[in-house]
Amino acid sequence: MVQNRQCHVTVLPTAAPLVIKALKEPPRDRKKTKKIQHSGSVKIDDIVEIARKIKHKSYSKKFEGVVKEVIGTCISLGCLVDGKSPKEVTSLIDSGEIEVKE
């Protein structure tokens, strides 16, 4: 944004670093450790909070779609959601067993 010839740059994090932060893992040296597996479990409440943060960047019409995007990020990271597989949680959201409210 440019205002009065002064530039302001804002960096918005994506879903992956926010999920890793929710896992509460210690920081790592990116040069020394490669192909890290994130074996942990994230609560559904944390995923809803992350979805609220990235909602304005998403192309999804409904808030459920934004939550499913964050759960898809959990699949790629290799972590669990409330001790269950992220694909299983996505199907529970589709069937209506888990209600996601904005």
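A short tour of the structure in this document, coming up. (Residues numbered from 1 in each chain as written. Predicted model: local features only at pLDDT ≥ 70, side-chain atom pairs only at ≥ 80, totals over all residues. Heavy atoms only, no water.)

A look at unusual backbone geometry
Okay, so step 1: Positive phi, close to 60°, is recorded for Lys-24, a residue that is not glycine.
Okay, so step 2: Secondary-structure assignment places Lys-24 in the loop between α1 (15-22) and β3 (41-42).
Okay, so step 3: Despite not being glycine, Asp-82 shows a phi value in the positive range, around 55°.
Okay, so step 4: Tracing the chain through its elements places Asp-82 in the loop between β4 (80-81) and α4 (86-95). (Helix = DSSP H or I, 4+ residues; strand = E, 2+ residues; numbered from the N terminus.)

Some points on the layout of surface pockets
Okay, so step 1: The computed volume of the largest pocket comes to approximately 250 Å³.
Okay, so step 2: The wall of the largest pocket is formed by Pro-17, Ile-20, Lys-21, Glu-25, Pro-26, Pro-27, Arg-28, Arg-30, Ile-36 and His-38.
Okay, so step 3: In the lining of the largest pocket, the residues fall into five nonpolar, one polar and four charged. (1 Å grid on protein atoms, 1.4 Å probe; cavity = no way out; pocket = protein on both sides within 12 Å on 5 of 7 lines; lining within 4 Å. Points joined across faces, edges and corners; volume = space filled by probe spheres on them. Nonpolar A, V, L, I, M, F, W, Y, C, P; charged D, E, K, R; others polar.)

Points about the nonpolar core
In summary, soluble globular proteins display a tendency toward joint burial of nonpolar side chains.
Okay, so step 1: Among the nonpolar cores identified, the biggest contains 24 residues, and Val-19, Val-42, Ile-47, Val-67, Val-70 and Ile-71 are the most heavily contacted of them.
Okay, so step 2: Put simply, the parts of the chain that give this core at least two residues each are α1, α2 (44-54), α3 (63-77) and α4.
Okay, so step 3: In terms of residues, this core owes the most to one element, α3, which gives seven residues.
Okay, so step 4: The residues touching Ile-71, leaving out its near neighbours within four places in the chain, are Ile-44, Ile-47, Pro-86, Val-89, Thr-90 and Ile-93. (Core = buried A, V, L, I, M, F, W, Y, C linked by side-chain atoms within 4.5 Å. Buried < 20%, exposed > 50% of the residue type's maximum accessible area, 1.4 Å probe, protein only. Contact = heavy atoms within 4.5 Å.)

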